[in-house]
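Working through the structure, step by step
The residues making up each chain are set out below.
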Protein chains: 2
Amino acid sequence: MARRSTQAASEGTDKAKPVTSYDVAREAGVSQSAVSRYFTPGASVSARTRAKILKAVNKLGYQPNAIARSLITRRSSLVAVVVANLGFNPEFTSILGQSLSARGLNTLLFTLDHESDADHVIDQLWQYRVAGVVAAVTLPPRHVDMLSQREIPLVFVNRAYEEVPVNSVSCDQSEGERWLVDELCAAGHRRIAIVSGPEDSPVSRQRVSSAAERLANAGVKPVEIVVADFTYQGGREAMRKLAAGPARPDAIICANDMLAIGCMDEARHALGLRIPEDISIVGFDGSAPGQWASYDLVTIRQPTNLMVDAAIDMLMARIDDPQLITEKRVFSGELVRGASARLADT
Amino acid sequence: MARRSTQAASEGTDKAKPVTSYDVAREAGVSQSAVSRYFTPGASVSARTRAKILKAVNKLGYQPNAIARSLITRRSSLVAVVVANLGFNPEFTSILGQSLSARGLNTLLFTLDHESDADHVIDQLWQYRVAGVVAAVTLPPRHVDMLSQREIPLVFVNRAYEEVPVNSVSCDQSEGERWLVDELCAAGHRRIAIVSGPEDSPVSRQRVSSAAERLANAGVKPVEIVVADFTYQGGREAMRKLAAGPARPDAIICANDMLAIGCMDEARHALGLRIPEDISIVGFDGSAPGQWASYDLVTIRQPTNLMVDAAIDMLMARIDDPQLITEKRVFSGELVRGASARLADT
DNA sequence: CTGAAAGCGCTTACAG
DNA sequence: CTGAAAGCGCTTACAG
């Protein structure tokens, strides 16, 4: 004891002891329960008590301990946001975080390198008793079930899960690809190639198969389908392969904007092709760089803000009522008629 | 009671009750303390007990409750990552999150719209008793003090705080700008303009003043300094202003890559200038788009991976020992001799 | 409206 | 090595 107080006296940089609701109660001359109620929306506290507590709170600089609150209420104000490293629009995470914050929720961010790292993520978010999960990655059905059993609301973004009833908001990939294919065909393109994203990416698979199907309907068989990863370099290499192939295409449908940008750069700067005179290139996403003057992509813009808002609305509704029925919301994309492809006049 | 059990019997979708360490203890036939020790690295548990617990853990699917653990240990495994909306490299957040995760820490992400939203952020991260903070934004001294008093380790990234002793890791902005200025001058540029970022951005201020100073040393007075925000559009508008100005520059130093990209697009696509024949443009950051073939920027590449690793090392060391003395680590950038500027041969 | 008391699920001296 | 017990800082019936 003596030693301890000596230490305390000699150290000017003593750690500030956190203020608890008991400290506030003592200062205000009320019970600890009253202090707690003060911070509980809708709890009954008289105006007089309220005033005393407010004063003490300000004087002591009290902030309720969210950890203790979560322990007793068995639910935190944390929302897990799970994204893939190269997956979605980077701005997506940012917008989502800000929207959550505006609603009093905090963002626990998980960035997956491979979608298979999900095991670890699921453990973590369960350990923290998150209030909900927004996932822009594919989660194995096992994990979806686990969350549902534990009544942790889950909303997918751009992952439809046709086979399982899950909440999701997405952009209509098929419709978008149909629009792109129709535009290319209407402008007379017939030698059309497709650059796919990674084969384990559901988004890529859906876009590629929708495009291929629409082409088939139009009686067009893709001259080639090249698989790449969702990177700039992947786009460049895909373009190189296509140019070296037996039948050079006159139009390329890329599974996303990043690939389209890579294709364009390779076509122009390595192969000396003019766009769209020699070759047309279209993407998908509506990402910012795709709209830069150097690219000016023909693409499908996903309504990111709408999708984020919808996802959060759905999540909040299910945090309030975990029994709420499953819902899938699908937004149309928006055709951006840029200059990276030769299109028919309208 | 009767009502409750009736309900339970009639509802097949009953919420799975979370498993606690008491459940595991009962199942394993040991005390709850033993279970707790099992999950405490270095705690003494006999091999026999360990085996019994492991079995029960697997059978019940037990996961320790991180919230309860944080309450008692008074520290969570959460690290707050505070970034500005348009601030740093978007990949930075991603790399940081993954590095933290690899060290068993979770990321609580705060995206600030204006650096003034910091008040709210500080409250939140304190309420969650985060183990540490990595900030890529400027925090008012008041907040820095608050964290230090509460012994929450704080590391700034690219915010030097000359006046206060704080931990920071940064890229040497001045050195980088000196290199760029020297390269431009050596190649004979004399009519040099500067495109600055927002005036409340310390990063921009430091880059601009370093460049201006080095130019002054070389006897060159900038033909103009234009202020823009750190966006593509900002770059385009800045270029437009410069072209309309009295003395068109033959070289432009931009406060970051994004501005340089905007300038290049405006110069080429709106003004019909050739780069670097008609005008040289340099940036700063080493961002991915700056390296795309359409831009191929002359810029300074910040060693993002090194900086993130250093920041986490510093943070971890201070989580282990909060008294550890303050340290500033400054890394050199790397000159990228791209094709966006006419440079002297070496 | 208010206070005393139980309890959320852990960790950690403490005694054996 | 092991278990009983106290306690982290809250919320929330419960009784007044």
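What you are looking at is a predicted structure, and each value in this text was computed from that prediction instead of being measured.

Some thoughts on the overall build of chain A
What chain A contains, in helices and strands, is 13 helices and twelve strands. Against the compact-globule benchmark of 20 Å for 346 residues, chain A has a radius of gyration of 27 Å, which places it well outside the compact range. Projected onto its principal axes, the C-alpha coordinates of chain A cover approximately 85 × 50 × 40 Å. Taking all 346 residues of chain A together, 51% fall into the buried category. Expressed as a percentage of contacts within chain A between residues at least 6 apart in sequence, the contacts between residues at least 24 apart total 70%. With an accessible surface of roughly 15600 Å², chain A has 51% of that area assigned to carbon and sulfur atoms.

Quick look at helix α9 (residues 173–186) of chain B
Residue and element names in this part refer to chain B. For α9, built from 14 residues, the straight-helix expectation of 20 Å at 1.5 Å per residue is met to within 8% by its first-to-last C-alpha distance of 20 Å. Counting buried residues along α9, ten of its 14 residues qualify, which places the element largely inside the surrounding structure. For α9, the complete set of buried residues consists of Gln173, Ser174, Glu175, Gly176, Glu177, Leu180, Val181, Glu183, Leu184 and Cys185. For α9, the N-terminal capping position is held by Asp172, with its side-chain oxygen 3.2 Å away from the main-chain nitrogen of Ser174.

Let's talk about the protein's contact with DNA strand C
Around DNA strand C lies a shell of 27 residues, among which Arg37, Ser44, Thr49 and Ile72 of chain A together with Ser36 of chain B are the nearest. Take Arg37 of chain A: an N or O atom from its side chain is 2.4 Å from a base oxygen of DNA strand C. Here Arg74 of chain A contributes a side-chain N or O atom positioned 2.5 Å from a phosphate oxygen of DNA strand C. Among the elements of the structure, α3 (32–38) and α5 (66–73) of chain A together with α2 (21–28), α3 (32–38) and α5 (66–73) of chain B are those that each provide at least two residues to the surface near DNA strand C. The dominant element in the surface near DNA strand C, judged by the number of residues it contributes, is α5 of chain B, at five residues. Among the residues making up the surface near DNA strand C, the classes are represented as eleven nonpolar, twelve polar and four charged.

Regarding the protein's contact with DNA strand D
Near DNA strand D there are 27 residues, and of these Ser36 of chain A together with Arg37, Ser44, Thr49 and Ile72 of chain B occur at the shortest range. Protein-adjacent atoms of DNA strand D, using a 4 Å cutoff, are sugar or phosphate at a proportion of 60%. Between DNA strand D and Thr49 of chain B, the relevant distance is 2.2 Å, taken from a phosphate oxygen to a side-chain nitrogen or oxygen of the residue. Only α2 (21–28), α3 and α5 of chain A together with α3 and α5 of chain B provide two or more residues apiece to the surface near DNA strand D. Of all the elements, α5 of chain A adds the most residues to the surface near DNA strand D, at five residues. Classifying every residue of the surface near DNA strand D by side-chain character gives eleven nonpolar, twelve polar and four charged.

Digging into the sheet that holds strand β3 (residues 132–135) of chain B
Read across the sheet, twelve strands follow the order β11(A)-β5(A)-β4(A)-β3(A)-β1(A)-β2(A)-β2(B)-β1(B)-β3(B)-β4(B)-β5(B)-β11(B) without closing on themselves; strand pairing throughout is mixed. This sheet does not close on itself; its edge strands, each paired only once, are β11 (328–331) of chain A together with β11 (328–331) of chain B. Going from strand to strand, the sheet's axes swing by 20° on average, the running direction of each strand aside. Where strand β4 (residues 154–157) of chain A meets strand β5 (residues 167–171) of chain A, three bridges bridge the pair, whose relative direction is parallel. Considered in β5 of chain A, the bridge of Val155 of chain A is made with Asn167 of chain A.

A closer look at helix α4 (residues 47–60) of chain B
All names here are of chain B. For α4, built from 14 residues, the straight-helix expectation of 20 Å at 1.5 Å per residue is met to within 8% by its first-to-last C-alpha distance of 20 Å. When we look at burial in α4, the residues that qualify are Thr49, Ile53, Ala56 and Val57. One side of α4 holds all its buried residues, which, seen down the axis, span an arc of 105°. Looking at α4, the residues exposed on the side facing more than 90 degrees away from the buried face are Ala47, Arg48, Lys55, Asn58 and Lys59. At its buried positions, α4 is contacted by α2 and α3. Gly61 sits one or two residues past α4 and shows a positive phi near 70°.

Thoughts on the interface of chain B and chain A
In this assembly, 52 residues from chain B lie in contact with 52 residues from chain A. For the pair chain B and chain A, the two sides together bury roughly 4800 Å², of which 55% comes from carbon and sulfur. Interface area lost by chain B to chain A is led by Ile67, Tyr128 and Trp292 of chain B, which between them contribute 16%. One can count zero salt bridges joining chain B with chain A. Scanning the region where chain B abuts chain A turns up 17 residue pairs in polar contact (both at pLDDT 80 or more). Mapped onto the side of chain B that touches chain A, the elements with two or more residues apiece are α5, α6 (90–102), β2 (106–112), α7 (118–127), α11 (232–244) and α12 (257–270) of chain B. Considering each element in turn, the side of chain B that touches chain A owes the most residues, seven residues, to β2 of chain B.

Focus on the domain arrangement of chain A
One frequent convention defines the size of an interface as the accessible area lost when the parts assemble. Residues and elements named next belong to chain A. Considered domain by domain, chain A is made up of domain 1 (2–64), domain 2 (73–171 + 304–332) and domain 3 (173–302). Between domain 2 and domain 3, the contact holds nine residues from the first and eight residues from the second. Both sides of the domain 2 and domain 3 interface together cover about 950 Å² of buried area, and 47% of this is carbon and sulfur. Inspection of the region where domain 2 meets domain 3 yields zero salt bridges. On the surface where domain 2 and domain 3 come into contact, there are five residue pairs in polar contact (both at pLDDT 80 or more). Counted by class, the side of domain 2 that touches domain 3 contains four nonpolar, four polar and one charged residues.

Definitions and cut-offs
Residues numbered from 1 in each chain as written. Chains lettered and ligands numbered in written order. Predicted model: local features only at pLDDT ≥ 70, side-chain atom pairs only at ≥ 80, totals over all residues. Heavy atoms only, no water. Helix = DSSP H or I, 4+ residues; strand = E, 2+ residues; numbered from the N terminus. Rg over C-alpha atoms; globule rule 2.2 N^0.38 Å. Buried < 20%, exposed > 50% of the residue type's maximum accessible area, 1.4 Å probe, protein only. Contact = heavy atoms within 4.5 Å. Areas by Shrake-Rupley, 256 points an atom, 1.4 Å probe, with all protein chains shown as cover. Expected span 1.5 Å × (residues − 1). Polar contact = N/O pair within 3.5 Å; in protein donor to acceptor, adjacent residues only side chain to side chain. Near = heavy atom within 4 Å. Nonpolar A, V, L, I, M, F, W, Y, C, P; charged D, E, K, R; others polar. Pairing = 2+ DSSP bridges. Axes fitted to C-alpha atoms, helices over the stretch in contact; angles between N-to-C directions. Arc of directions from axis to C-beta. Buried area = accessible area lost by both parts, 1.4 Å probe. Salt bridge = Lys/Arg side-chain N within 4 Å of Asp/Glu carboxyl O. Domains from an automatic or database assignment.

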